[in-house]
Amino acid sequence: MGFISWIILGLIAGALAKWLMPGDDGGGWIATMGLGIAGAFVGGWVGSFIGLGAATGVNFGSLVTATFGALILLFVYNKFIRK
């Protein structure tokens, strides 16, 4: 997957994760994009364990996987890192 594809997928997945799990998280577009890109990695890693596969391109399956991973990261950040 190309660099631009990761940015686009990350931006969309991060925005979806923040929309699905709203809160006072702070961060702007850069943090949202980073959350989504990291979420794609986490979602792909978790998805490989349960048989869903990894984020392979800008498609619906990858978007769901990346958003799921971003939700995991957002949950961990809100519960354990941010005090």
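Predicted, not measured: the structure shown is a model, and the values here were computed from it.

> Please explain the overall build of the protein chain as it appears in this structure.
Per the secondary structure count, the protein chain includes three helices and zero strands. Going from N to C terminus, the protein chain has its helices and strands arranged as α-α-α.

> What am I meant to see in the UniProt feature "transmembrane region" (unreviewed entry) in the protein chain here?
In the numbering used here, UniProt assigns the "transmembrane region" (unreviewed entry) feature to residues 27-46 and 58-77. Annotated as residues 58-77, this span is 90% helix and 0% strand, and its ends, taken at the C-alpha atoms, are 25 Å apart.

> Got a minute to help me understand the packing of helix α1 (residues 3-20) against helix α3 (residues 60-81) in this structure?
Geometrically, a packed helix pair is captured by the angle between its two axes and the distance between the axes. Viewed as axis vectors pointing N to C, α1 and α3 meet at an angle of 55°, and their least axial separation amounts to 8 Å. Classified by the angle between their axes, α1 and α3 sit oblique to one another. Classified by chirality, the crossing of α3 by α1 is right-handed. Here Leu 9, Ile 12, Ala 13, Leu 16, Ala 17, Lys 18 and Leu 20 of α1 come into contact with α3, specifically with Ser 62, Leu 63, Ala 66, Thr 67, Ala 70, Leu 71 and Leu 74. Residue composition of the contact of α1 with α3, grouped by class: eleven nonpolar, two polar and one charged.

> Explain the environment of Trp 19 here, please?
Among the structural elements, Trp 19 can be located in helix α1. Separated by 52 residues in sequence, Trp 19 and Leu 71 have C-alpha atoms that sit 10.0 Å apart.

> How do you make sense of a nonpolar patch on the surface when you look at a structure like this?
The grouping of Phe 3, Ile 4, Ile 8, Ile 12 and Val 58 at the surface amounts to a nonpolar patch, some 500 Å² of accessible area in total. Inspection of the secondary structure puts Ile 4 in helix α1.

> Whenever I open this one, α3 confuses me. Can you help?
Because the α-helix completes a turn every 3.6 residues, residues three or four places apart line up on one side. An ideal rise of 1.5 Å per residue puts 32 Å on 22 residues; α3 measures up with 30 Å between its terminal C-alpha atoms. Those residues of α3 that sit buried are Ser 62, Thr 65, Ala 66, Thr 67, Gly 69, Ala 70, Leu 74 and Asn 78.

> What am I meant to see in the nonpolar core here?
Nonpolar side chains in soluble globular proteins tend to be buried together. Counting five residues, the largest nonpolar core is built from Trp 6, Leu 9, Ala 13, Ala 40 and Ala 66. Considering each element in turn, this core owes the most residues, three residues, to α1.

> Which parts of the structure should I look at to understand the confidence of the model for the protein chain?
Detailed conclusions should not be drawn from predicted coordinates in areas where pLDDT is low. The predicted model of the protein chain has a mean per-residue pLDDT of 76, with 80% of residues at 70 or higher. Element-level mean pLDDT values for the protein chain span from 76 in helix α2 (residues 29-50) up to 81 in α3.

> Which parts of the structure should I look at to understand α1?
The end-to-end C-alpha separation of α1 is 25 Å, in line with the 26 Å expected for 18 residues at 1.5 Å each. Among the residues making up α1, those that are buried are Trp 6, Leu 9, Gly 10, Ala 13, Gly 14 and Ala 17. For α1, the buried positions fall inside an angular range of 130° around the axis, keeping them on one side. Among the exposed residues of α1, those pointing more than 90 degrees away from its buried face are Ile 4 and Trp 19.

Cut-offs and rules
- Residues numbered from 1 in each chain as written.
- Predicted model: local features only at pLDDT ≥ 70, side-chain atom pairs only at ≥ 80, totals over all residues.
- Heavy atoms only, no water.
- Helix = DSSP H or I, 4+ residues; strand = E, 2+ residues; numbered from the N terminus.
- UniProt positions renumbered as here; feature names shortened; annotations may be inferred.
- Axes fitted to C-alpha atoms, helices over the stretch in contact; angles between N-to-C directions.
- Parallel < 35°, antiparallel > 145°, perpendicular 65-115°, else oblique.
- Left-handed = near helix turned anticlockwise from the far one by under 90°.
- Contact = heavy atoms within 4.5 Å.
- Nonpolar A, V, L, I, M, F, W, Y, C, P; charged D, E, K, R; others polar.
- Patch = residues over 30% accessible without salt bridge, like charges linked within 9 Å, V, L, I, M, F, W, Y side chains within 5 Å.
- Areas by Shrake-Rupley, 256 points an atom, 1.4 Å probe, with all protein chains shown as cover.
- Salt bridge = Lys/Arg side-chain N within 4 Å of Asp/Glu carboxyl O.
- Expected span 1.5 Å × (residues − 1).
- Buried < 20%, exposed > 50% of the residue type's maximum accessible area, 1.4 Å probe, protein only.
- Core = buried A, V, L, I, M, F, W, Y, C linked by side-chain atoms within 4.5 Å.
- pLDDT = per-residue confidence, 0-100.
- Arc of directions from axis to C-beta.

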